[in-house]
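Observations on chain architecture
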Amino acid sequence: MSTFDAGHYDVIVIGAGHAGVEAGLAAARRGAKTLMLTLNLDMIAFMPCNPSIGGPAKGIVVREIDALGGEMAKVIDKTYIQMRLLNTRKGPAVRALRAQADKHLYVQEMKKVLENTENLTLRQGMVKELIVEDGQCKGVVTETKAAYYADNVIVTTGTFMRGKVLIGDLAYESGPNNQRSSTKLSEHLEELGIEMVRFKTGTPMRVNSHTIDYSKTEIQPGEDVPRAFSYETTEFIMDQVPCWLTYTNEHTHKIIDDNLSSSAMYSGMVKGTGPRYCPSVEDKIVRFHDKPRHQVFLEPEGRNTEEVYVQGLSTSLPEGVQKEMMETVPGLENAEIMRAGYAIEYDSVTPTQLWPTLELKAINGLFTAGQINGTSGYEEAAAQGLMAGINAAGKVLGTEPVILDRSQAYIGVMMDDLVTKGTDEPYRLLTSRAEYRLILRHDNADLRLTDIGYDIGLISEERYTKFQEKKQLIEEEIKRLESVMLKPTDEVQTAIEQAGGSPLKEAVRASDLLRRPEMKYDAVAELTKPDKELPEDVREQVEIHLKYSGYIQKSNEQIERMRKMENKKIPDDIDYDDIHGIASEARDRLKEVRPLSVGQASRVSGVNPADVSILLVYIEQGKIAKVSGDEA
Amino acid sequence: MDTDTISAISTPVGEGAIAIVRLSGPEAVARANKIFHGKELEQVASHTIHYGKLIDPKSNELVEEVMVSVMRAPKTFTREDIVEINCHGGLVSVNRVLELVLDSGVRLAEPGEFTKRAFLNGRIDLSQAEAVMDLIRAKTDRAMNVALKQMDGRLSQLIQQLRQQLLETVAQVEVNIDYPEYDDVEEMTNELMIENTKKVHQEIERLLQTAKQGKILREGLGTAIVGRPNVGKSSLMNALVHENKAIVTEVPGTTRDVIEEYVNVRGVPLRLIDTAGIRDTEDLVEKIGVERSRQVLQEADLILLVLNYGDELTEEDEKLFEAVQGMDVIVIVNKTDLPRKLDMDRLHEIAGEHTIVNTAIIEEEGIDQLETAISEIFFEGDLDTGDMTYVSNVRHVQLLNQAKEALEDAMRGMEEDMPIDIVQIDVRRTWELLGEIVGDSVSDSLLDQLFSQFCLGK
């Protein structure tokens, strides 16, 4: 094939979805000359499924992205139509923000950011193959024979690879939302020896808002409290748009039951594995047959559109059946479908083929990030894109790879799960996947990660200075409360009584008083005022830190133990066949995953504690041999 | 390197008169000192040995008289501080010592861990690395094997049930957290959680007290010798006691102090029940009455039913067989040196599945076979065991204790009205600890439970 030289870059990003934009921005902002290629410039960071960002775990990821200098938080803060803080009645560890997005505005805002970023070239084009020489990625070739050269390529093609849309018995090659699917690239990756699996996901119908009878549904309003994902956001959108809640019923279920065989999911047409946590409505009826009703949330897709996303009715039933079933739902009797729901199958890369930087083990300089790695969700994709972008640029700059561990971020949990264990269904982050949930909070993402963001050049000096001031205020106030003694004066006793506690018998430290379940920071601070009024976020940190100190300490001890094993590195050139006594299943899995540390090795499935001990002995033996070799 | 302190029994159990419980690690001396009454171990010179008493700091009870050697790093096997506690070789006593050490905050060593540390600390020659790896592999495989075999079916089932109860509770909390908008899932409150965890806590406590393995650990395998007068019960007992250095314990609290004797039969700790009864009269049933003998039988884990080869089967014998139905029984046909009058066909018929051993105890014949039969019953297989069996048992008890503590932490959190997701940390930990007992790996089953119990998703 004769190609033409279309330009030379440091990093090329294929795709401009949620993973692609973060990858491109991070690489360019770190100083790498970056090219982004996308099928359609009007669909940048589009949300082909629900118009929503955040939620438990995911919302925390968005904040982590922000603390590392990513973009998602800032753009959603400018474009949300509703924002809520979830789990407010539970503990601080599981609180999270969720926003309803104006998906069209989101696209425009993100595009604007990309267009105005230095070092970043944005171009429309379909990549059909990679240029790979001797296991090193060298660039990409588009279908128009443009050859772009770069030693680092990040593939973020989402669900486009050999994408196939299914509605009833209709099946056609397509990416989401009737965009072109990417067939050649998928075949090419396979030729390069990359292992792929087939996954499936789906989306519900969209209906016209004018045709919904909202009087039969329950309103789900936003909150009139100013909230934002990004630590840099100062303007809050208070004019919010509500969502609406309605339910399926036995009529809905009967129609689904009667037509099950015509669903692409159940007729055998769908071959890919779908996620359990995001089932189609057919799945819900089949698996939970006795449940009398299921929730259906009606979510506006934006301020300037009448399209409404029908959350809860994701389906691959024929359009006629979709209409019939939907019309049984109160409020939707006369609703007009504007787009039908569909299932989509696609190729994804088995993620155990990746290093924790998301670079492929087999091809130097080739990264994959986002849904192509078997995840689902915009936030999961964005986080991977960011990390791949950071690390691809790191190779250009010659800096150390940035790998977050399981105690630093949900991003670390996800990436470790992916590359160490792989996934046999589309992977979604859940808070229960994190061992150190209490440490990975929504409120302290900045405290956990801003230092790293600053070190890699993605956090501005101005923001970093502010951050350090905040950190200092928190530390000082904690110290102060730990040293101040409160005597059982009338004032103190009254304050305790008002909070519903039992009076003091003797003087206590202010910090200990705050540890009492009924006491809040503000009440304690009334009794011993700080020199100057502290900002809300500082007060919150002080309260959480002191109130849960016992639990936090316990988690930190566990983290300490975990880190010890993470710090025992496995040499690159280790030959697992040479290790005596390791079980053969463990050997095979270790050869495949090639963990970087003994800690990571211990999480590989099929590797038991004895194998870990043996591995440890083997590594030490190597070290000793090296030392004695040097001596001789 | 590893910085915690570990301990294990480092001599084959039940084989020598003296057993050694070894501690290794930075805290070895301090921990041992906490339970040792004698010289201040932290003050003594390295590589010295001291006489003293082990006292349980919780109850202030004397546990054992011991000799303790203190060896400070680096001139030790592991190149860490090492303390060796020399105690009675009996399984029960060495077990008690190890438990005491573990209670003081020392971790039970993994199989081969002393050797591993010795190697990692450069104590063992590089050329022996392969041998070290082999040893870890062999010891671990054996320990796992034994742990599985030792796991009483009922115990394992019970723990699985407890885990399932906890899992359902945990899953519900997780659903509340990860799917807060789902109003049709019942909200797990601290009150509900307290109810659920209380039940589990009670069960764990009960398990700790009465689980068969746990009981055997602390008390030995309760063994009753039954049979008509003059079949040779007391000579059987004397033979067992004679061959296997007995430890006699006075058990106060009954009208007449019942004497129990402990013997070790090939590593199996036997607690011979009401030996005084046998000694005095040669006839348990006759002396203390049917009621009492029933009670003795009930208490027993193992029945040694003795018959006389030189006598015909009587109605009384048949009644005895009825009384021990469904229990672990070894039938001993004694006095095989006499001419046979016993109807062996009929015996096989009523003995059913029970093992039958022929002996002539006075002639010292058949005792080996009897001991083999006892160890087979205990290990449910032909298992040449040593410390391993024993260690895996201690492991179970230790894990159960840890699970109990974690659950108590959770209950305390609930009482203090901590948020449910914070309390959850300890409930989940309990579930994981119980999982370690039955050898279940952790993470994925929670998600499986989550998605099978609740209908979730957009």
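Parameters and conventions
- Each chain carries its own residue numbering, running from 1 in the direction its sequence is written.
- For this description, chains carry letters from A and ligands carry numbers from 1, given in the order in which they are written.
- This being a predicted model, a pLDDT of at least 70 is required before a residue's local features are given, and a value of 80 or more before pairs of side-chain atoms are given or counted; all residues contribute to the totals for chains, interfaces and linings.
- Excluding hydrogens and water, the side-chain values take into account all heavy atoms of the structure.
- UniProt positions are given in the numbering used here, feature names are shortened, and annotations may be inferred rather than shown by experiment.
- A run of DSSP states H or I qualifies as a helix once it reaches four residues; a run of E qualifies as a strand once it reaches two. Both are numbered from the N-terminal end.
- The cut-offs for exposure are 20% and 50% of the maximum accessible area for each residue type, with area from a 1.4 Å probe on protein chains only; residues under the lower value are buried, those over the upper are exposed, and the others partly exposed.
- By definition, residues are in contact when any of their heavy atoms lie within 4.5 Å.
- Reported accessibility uses the Shrake-Rupley method at a 1.4 Å probe radius. Residues are deemed covered only where the shown protein chains occlude them.
- Surface patches are defined over residues having more than 30% relative accessible area and no salt bridge, joining like charges when they lie within 9 Å and nonpolar side chains (Val, Leu, Ile, Met, Phe, Trp, Tyr) when within 5 Å.
- For this document, the term salt bridge refers to a Lys or Arg side-chain nitrogen within 4 Å of an Asp or Glu carboxyl oxygen.
- Computed with a 1.4 Å rolling probe, the buried area is the accessible surface lost when two parts are put together, summed over both parts.
- Distance and chemistry together define a polar contact, namely a pair of N or O atoms within 3.5 Å, with one atom able to donate a hydrogen and the other to accept it when in protein, and with adjacent residues in sequence counting only for side-chain atoms on both sides.
- Throughout, nonpolar core names a set of buried Ala, Val, Leu, Ile, Met, Phe, Trp, Tyr and Cys residues whose side chains join them through atoms within 4.5 Å.

If you check an unreviewed UniProt entry, chain B appears there as tRNA modification GTPase MnmE from Pontibacillus yanchengensis Y32. Recorded under Subunit (unreviewed entry), the UniProt text for chain B is reproduced unchanged: "Homodimer. Heterotetramer of two MnmE and two MnmG subunits." In UniProt, chain B has this text filed under Sequence similarities (unreviewed entry): "Belongs to the TRAFAC class TrmE-Era-EngA-EngB-Septin-like GTPase superfamily. TrmE GTPase family."

As recorded in an unreviewed UniProt entry, chain A goes by tRNA uridine 5-carboxymethylaminomethyl modification enzyme MnmG and comes from Pontibacillus yanchengensis Y32. Under the heading Sequence similarities (unreviewed entry), UniProt records this for chain A: "Belongs to the MnmG family."

Quick look at the overall build of chain B
Regarding its fold elements, chain B presents 16 helices and 14 strands. Residues classed as buried in chain B amount to 55% of the 458 residues present. The long-range fraction of contacts in chain B, counting pairs at least 24 apart against all pairs at least 6 apart in sequence, stands at 67%. For chain B, the accessible surface area stands at approximately 20,300 Å², while carbon and sulfur atoms represent 46% of it.

Here we look at a nonpolar patch on the surface
A cluster of nonpolar side chains, contributed by Ile-49, Tyr-51 and Met-67 of chain B, occupies part of the molecular surface with about 300 Å² of accessible area. For Ile-49 of chain B, the position within the fold is in strand β4 (residues 48-56).

Description of the interface of chain A and chain B
Facing 63 residues of chain A, the contacting portion of chain B comprises 50 residues. Buried area between chain A and chain B, summed over both chains or domains, comes out near 4,900 Å², and the portion from carbon and sulfur atoms is 58%. Interface area lost by chain A to chain B is led by Tyr-551, His-580 and Val-617 of chain A, which between them contribute 13%. Applying the counting rule to chain A against chain B returns 4 salt bridges. Here Glu-174 of chain B ties to Arg-437 of chain A by a salt bridge, and the two come within 2.6 Å at their closest N and O atoms. The tally of links from chain A across to chain B stands at 11 residue pairs in polar contact (both at pLDDT 80 or more).

Observations concerning the nonpolar core
Judged by nonpolar contacts, the single largest core of 101 residues is most densely connected at Leu-366 and Ile-411 of chain A. Sort the elements by how many residues they give to this core and helix α9 (residues 378-397) of chain A lands first, with 10 residues. Setting aside chain neighbours within four positions, we find Ile-411 of chain A in contact with Val-61, Glu-64, Ile-65, Leu-68, Ala-383, Met-387 and Leu-404 of chain A. The next biggest cluster of nonpolar side chains, apart from the first, holds 44 residues, and it includes Val-173, Val-423, Val-427 and Val-438 of chain B.

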